[in-house]
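Letter by letter, the chains look like this.
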Amino acid sequence: MNRSPKPTEKLPTPPYPWVALVGCLIPPVVALLLCLEARMFGAVALELGNGARLPLGYPVVLIAAFPLLMPPDVRHLAALVSATLLGVLALGWLLASVPLVAYLLPVIVLLLVTWFLNHPRLIARGEREAAPERER
């Protein structure tokens, strides 16, 4: 990323950073548990060109953990990107008649909750609307 080392203005952060961070931690943990339950680490694998097999549980957990790896001011965007990627993956599996879509739906919902918890403006909007009334 091309960011200056000293930002000229305060970067947008979520109003409750610990709740937002815990919200980022929950989807990969749930994805890991659901991948273990669905046996995506052993039974379902993608055949690569050189004959190797890539278990599909690894990309699912990495995509779900993507918001956790990002800085606080862009975690809401990373959660939205992760939910979109897992949605496309679920749609592809649905079209390929792989019965694993049901395991991805809770992870997608949790990523959307993560997006909401990390969005700096959605939660703080109620606080900003109530603030002018208190000043009067």
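Residues numbered from 1 in each chain as written. Predicted model: local features only at pLDDT ≥ 70, side-chain atom pairs only at ≥ 80, totals over all residues. Heavy atoms only, no water.

Participant: Looking at this model, I keep getting lost on the overall build of the protein chain. Mind explaining?
Facilitator: When helices and strands are counted, the protein chain shows five helices and two strands. Along the protein chain, helices (α) and strands (β) appear in the sequence α-β-β-α-α-α-α when read from the amino end. The buried share of the protein chain, taken over its 136 residues, is 31%. Of the contacts made within the protein chain by residues no fewer than 6 positions apart, 60% connect residues no fewer than 24 positions apart. (Helix = DSSP H or I, 4+ residues; strand = E, 2+ residues; numbered from the N terminus. Buried < 20%, exposed > 50% of the residue type's maximum accessible area, 1.4 Å probe, protein only. Contact = heavy atoms within 4.5 Å.)

Participant: It is not clear to me how helix 3 (residues 75-95) should be interpreted in this structure. Could you clarify?
Facilitator: Residues separated by three or four positions in an α-helix point in the same direction, a consequence of the helix having 3.6 residues per turn. A rise of 1.5 Å per residue sets the reference length of helix 3, with its 21 residues, at 30 Å; its end C-alpha atoms lie 30 Å apart and thus fit the reference within 8%. Considered for burial, the residues of helix 3 that qualify are R75, H76, A78, A79, S82, A83, L86, A90 and W93. All buried residues of helix 3 lie within an arc of 155 degrees about the axis, which places them on one face of the element. Counted as exposed and oriented over 90 degrees from the buried face of helix 3: V88 and L95. (Expected span 1.5 Å × (residues − 1). Arc of directions from axis to C-beta.)

Participant: Even after reading the chapter, I still don't get the confidence of the model for the protein chain, so can you show me in this structure?
Facilitator: Where the model shows low pLDDT, its predicted coordinates should not be examined in detail. Overall, the prediction assigns the protein chain a mean pLDDT of 80, with 81% of residues at 70 or greater. Ranking the elements of the protein chain by mean pLDDT puts helix 5 (residues 124-135) last with 54 and helix 2 (residues 57-65) first with 90. (pLDDT = per-residue confidence, 0-100.)

Participant: In this structure, what is going on with a nonpolar patch on the surface? I would like to understand it.
Facilitator: Residues L25, V29, L32, L33 and L36 make up a contiguous nonpolar surface patch of roughly 450 Å² in combined accessible area. Here V29 lies in helix 1 (residues 17-37). Among the residues examined, V29 registers a relative accessible area of 41% and is labelled partly exposed. (Patch = residues over 30% accessible without salt bridge, like charges linked within 9 Å, V, L, I, M, F, W, Y side chains within 5 Å. Areas by Shrake-Rupley, 256 points an atom, 1.4 Å probe, with all protein chains shown as cover. Salt bridge = Lys/Arg side-chain N within 4 Å of Asp/Glu carboxyl O.)

Participant: What should I look at first to understand the environment of P99 in this one?
Facilitator: Within the secondary structure, P99 sits in the loop between helix 3 and helix 4 (101-118). Judged by its relative accessible area of 70%, P99 falls in the exposed class. Placed 61 residues apart in sequence, P99 and A38 show a C-alpha to C-alpha distance of 9.5 Å.

Participant: What is the right way to look at the nonpolar core in this model?
Facilitator: Nonpolar side chains tend to gather and get buried jointly when the protein is soluble and globular. A31, M40, V60, L86, W93, L104 and V107 are the most contacted members of the largest nonpolar core, which has 20 residues in total. In terms of residues, this core owes the most to one element, helix 4, which gives five residues. What L86 contacts, discounting residues up to four positions off in sequence, is V60, I63, L104, V107, I108 and L111. (Core = buried A, V, L, I, M, F, W, Y, C linked by side-chain atoms within 4.5 Å.)

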